[in-house]
Amino acid sequence: MVLSSPDLLLQVKGVHKRFGANVVLAGADLDVPRGSVVTVMGRSGTGKSVFLKCLAQVILADEGQIFFDGRALADNDAKSRLEFRRRCSFLFQSNALFDSLTALENVALPLEQTTDLRDAEIRERSLEAMRQLELESHQDRYPSQLSGGMQKRLALARAIVTRPELVLFDEPTAGLDPLRRNAVFTMIAKYQRQFGFTAVIVTHDVQEALAASDRVALLDKGRMNFQGSPTEFRASEDLVVTSFRDNITALNASLAAIRQGEIIPSEDS
Amino acid sequence: MRGRACKDMVRALGSHTLAIVHGLGDFTLFTLRSFQSALGSRRLFRRVLRAGFEQGVRCLPVILIVGIFTGLVLGLQGYYVLNRFGSESLLGALVSLSLVRELGPVLAALMLVGQAGSALSAELGIQRNTEQVAALETMGVSSLGYLVTPRLLAALVVFPMQTALFVTIGLLGGSLSGSLLLGLESGVYWSSVERAVQMQDVTECFLKALTFGLLTISLCAYHGFNAHRCRNATGARAVSASTTRAVVQSSIVVLAADYVITSFLV
Amino acid sequence: MKQTQLEFLVGAFVLLGLAAITYLTVKLGGGSLLGNDTYALEARFTSASGLNTGSNVVVAGVPVGRVEAIRMEPSEYTAIVTFRVMSGLKLPTDSMASIKTTGLIGDKFVALSPGADETHLEPGARITMTESSVDLESLIGKMAFGSVTEETEKAPPP
């Protein structure tokens, strides 16, 4: 067992994952310093979510090592995995809220099932988490009765109520409009500072990610092509990085064109 | 050419057999793990209570309705058959033994599969589909312990109770059609019931109820829980396919297990 | 649904279910009531056909016990029936055991007719005075093939 550097909360080395003949991850690495916000970017379909799920052990990687707080998480070590899971929260792209429980019960569930706190304490802590995310007036509603943004906040409340050291965000802005996207990143940054957790975000929203993160990584063809600060990312001369940046610029240009009412030639004309 | 076709057939047989054995092993492990998960599960009693409500209180009406009609029709049919031999006084024995030994446990289990089992399978399938099961795992909560264990524990208590209620109301139904409709003395009916049923029959009845409860609820949970592993469907289709499979297999298992238990006990 | 309401409903269901289970085991099963307070007796019959383990044992038409085992005695080709009766019941040594039928085709049971002796049967004792079941089939056979009438014809005229 190789001990990783002490200032890294999470270190991923050479994670491989294949589904049948389809190789999704071919040796992806990632360093996550304690207390930082790290964003993994990449085109859709490059296996960002699979990578994150491998970190959270939702999917077990075929190969590779994951160190959490200096200790390797082994596949067959149920105890260390359980400890990791109790210190880490995962925010699903789909939120994965329990749809037959009320908002408050959703937030209380991880405390009820993983701690020996008394009922009153659990209620208090859950309400506190909901208050911080401005959801206290919706505690008796069911997830399906909440708006998309509120559901996202509820999922975040459920993730932070256990006071985790690490929170993994899977596409937190998927399907949101640009304004909301910004709000979500602001929210993550705000609560990250407030609660002091370390965050790993997977997203394809480059602009927002660059603004909100301490470190960014670019996943392409199953490997991390770039890891560094946002400034380094902007300045990088790496071929993959430049082409990714160019694509974004081109996309932004065409979006701007649509906003200005220019006619986009359709494919069949 | 011929040899090849034969070889293929044998191979297909082999692969099916392996799949069945694999499935049986998987199912057994699933059930064992569910019981094992009871050890580390917190606030289990509340979940058991909730499951007891779903399997017990919710299913009570259907148990009582089916039970009383079964008793009524047994009384009616039995009366006409026994009438030919002039032994109407044995009606109680006929109704009670049919109910206690076979119909009670089997029909109660089938009704519970139809109501509680299908609901359980669909619920778990949807929770699997919407990543709620994965969410539990990422929280460090055992999804088996949280979702399946309480249902299994509740089934072990609820199935015998529902069966007892089914038999009791069925006996009442038999006496209604026997004494009210056909004019048999109700004392004759009840004394025949009491004389016919013995401890051995009652034990058999509860043994069956326990076995059916364990097998059906576990099977329904297994299929719902593994909805994502459905081979020929995904999403909503997978949920419906796994629910159908759960109900069909549970019903078959009830009747097959009934035969096995009966043949061992008699 | 509120937790208390849920608890109440489940509690009510459990009470109902327990009542039904108790009814089945105690009232119908009946075994536990006879339970420990019984003693075993044996009786030798030339035929125990139709008798089963669990069949009733009655005195004056009142059930007092059940048949426990039926086995064949190889030395004399007879059936030995072991049954248990309530321990409060003292049977004179010259009591008779007979196998009877409820109705024409009903269940077979063992009827005990108490004798007049001063001494009582000890647990495990064997009743020697017995009367086997009436073999209905051979009786019908005799009637059908005329052996019954032949016998009456052979009887000396009054």
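All figures in this text were calculated on a predicted structure; none of them were measured in a lab.

With that settled, consider the domain arrangement of chain C. Under the domain assignment used here, chain C contains domain 1 (1-35) and domain 2 (36-143). Taking only C-alpha atoms, the centre of domain 1 of chain C and the centre of domain 2 of chain C are 37 Å apart.

The subject of this paragraph is the interface of chain A and chain B. Counting residues at the interface gives 28 residues for chain A, matched by 18 residues for chain B. Taken together, both faces of the contact between chain A and chain B bury some 2,000 Å²; the carbon and sulfur share is 47%. Together, Arg85, Phe98 and Gln113 of chain A form the three largest contributors to the area buried by chain A at its contact with chain B, with a combined 31%. Our count for the chain A to chain B interface comes out at five salt bridges. Across the pair Arg85 of chain A and Glu137 of chain B runs a salt bridge whose closest N-O atoms are separated by 3.3 Å. In this assembly, chain A and chain B are joined by 14 residue pairs in polar contact (both at pLDDT 80 or more). Elements represented by at least two residues in the side of chain A that touches chain B include exactly α2 (78-87), β6 (88-91), α3 (103-114) and α4 (119-132) of chain A. In terms of residues, the side of chain A that touches chain B owes the most to one element, α3 of chain A, which gives six residues. Class assignment of the residues belonging to the side of chain A that touches chain B gives a composition of 14 nonpolar, five polar and nine charged.

The subject of this paragraph is the interface of chain B and chain C. The interface is formed by 29 residues belonging to chain B together with 27 residues belonging to chain C. At the boundary of chain B with chain C, total buried surface from both sides reaches about 2,500 Å², with 78% on carbon and sulfur atoms. Contact with chain C buries area across many residues of chain B, yet Leu49, Met161 and Glu194 of chain B alone supply 23% of it, more than any other trio. Here chain B and chain C share zero salt bridges between them. For the pair chain B and chain C, the interface holds zero residue pairs in polar contact (both at pLDDT 80 or more). Where the side of chain B that touches chain C is concerned, the elements lending two or more residues are α2 (44-57), α6 (143-181), α7 (186-196) and α8 (199-225) of chain B. Sorting elements by how many residues they give to the side of chain B that touches chain C places α6 of chain B first, with nine residues. Here the side of chain B that touches chain C is composed, by residue class, of 19 nonpolar, six polar and four charged.

Right, let's get into the sheet that holds strand β3 (residues 62-73) of chain C. Residue and element names in this part refer to chain C. With mixed pairing, eight strands are arranged side by side in an open sheet as β7-β1-β4-β3-β2-β6-β5-β8. Edge strands, defined here as strands with exactly one partner in the open sheet, are β7 (126-127) and β8 (130-131). When strand β1 (residues 38-45) meets β7, the two strands line up parallel, connected through two bridges. Considered in β7, the bridge of Glu42 is made with Arg126.

Moving on: the arrangement of the chains. Contacts between protein chains span two pairs of chains, and they are most numerous for chains B and C. You won't find any contact between chain A and chain C; their C-alpha atoms come no closer than 11 Å.

Further remarks concern the pattern of salt bridges. Counted under the stated rule, the structure contains 27 salt bridges over all chains. One salt bridge in this structure joins Lys53 of chain A and Glu131 of chain B, with 2.9 Å as the shortest N-O distance. Taken as a pair, Lys53 of chain A in helix α1 (residues 48-55) and Glu131 of chain B in the loop between α4 (91-129) and α5 (132-138) lie in two separate chains rather than in one. Taken individually, Lys53 of chain A and Glu131 of chain B each receive the classification buried, so the pair is uniform in this respect.

Next up on the list: the side chain of Thr216 of chain B. Residues and elements named next belong to chain B. Counting through the fold element by element, Thr216 comes out in helix α8. What makes Thr216 buried here is its relative accessible area of 1%. Polar contacts involving the side chain of Thr216 include one to the main-chain carbonyl oxygen of Phe212, which spans 2.7 Å. Discounting residues that sit within four places of it in the chain, Thr216 has contacts with Val113, Phe159, Ser250 and Val254.

All names here are of chain A. With five of its five residues buried, strand β7 (residues 166-170) lies for the most part within the structure. Note: β6 against β7, four bridges, orientation parallel. If you follow Leu91 over to β7, its bridge partner there is Phe169. Bridge count between β7 and strand β8 (residues 198-203): five bridges; the pairing is parallel. Its bridge partner being in β8, Phe169 is matched across the sheet by Ile201.

Residue and element names in this part refer to chain A. Overall, mixed pairing links the six strands, which are arranged β6-β7-β8-β3-β9-β10 in an open sheet. Edge positions in the open sheet fall to β6 and β10 (223-228), since each of these has one partner strand only. Looking at each pair of strands side by side, their axes are set apart by 15° on average, direction ignored. Pairing geometry for strand β3 (residues 37-41) and strand β9 (residues 215-220), over four bridges, is parallel.

Right, let's talk about α7 of chain B for a bit. Along α7 of chain B, the residues that are buried comprise Tyr189, Ser192, Val193 and Ala196 of chain B. Burial along α7 of chain B is one-sided: seen end-on, the buried residues are contained in an arc of 105°. The inward-facing, buried residues of α7 of chain B abut α4, α6 and α8 of chain B together with α1 (3-29) of chain C.

Cut-offs and rules
Residues numbered from 1 in each chain as written. Chains lettered and ligands numbered in written order. Predicted model: local features only at pLDDT ≥ 70, side-chain atom pairs only at ≥ 80, totals over all residues. Heavy atoms only, no water. Domains from an automatic or database assignment. Contact = heavy atoms within 4.5 Å. Buried area = accessible area lost by both parts, 1.4 Å probe. Salt bridge = Lys/Arg side-chain N within 4 Å of Asp/Glu carboxyl O. Polar contact = N/O pair within 3.5 Å; in protein donor to acceptor, adjacent residues only side chain to side chain. Helix = DSSP H or I, 4+ residues; strand = E, 2+ residues; numbered from the N terminus. Nonpolar A, V, L, I, M, F, W, Y, C, P; charged D, E, K, R; others polar. Pairing = 2+ DSSP bridges. Buried < 20%, exposed > 50% of the residue type's maximum accessible area, 1.4 Å probe, protein only. Axes fitted to C-alpha atoms, helices over the stretch in contact; angles between N-to-C directions. Arc of directions from axis to C-beta.

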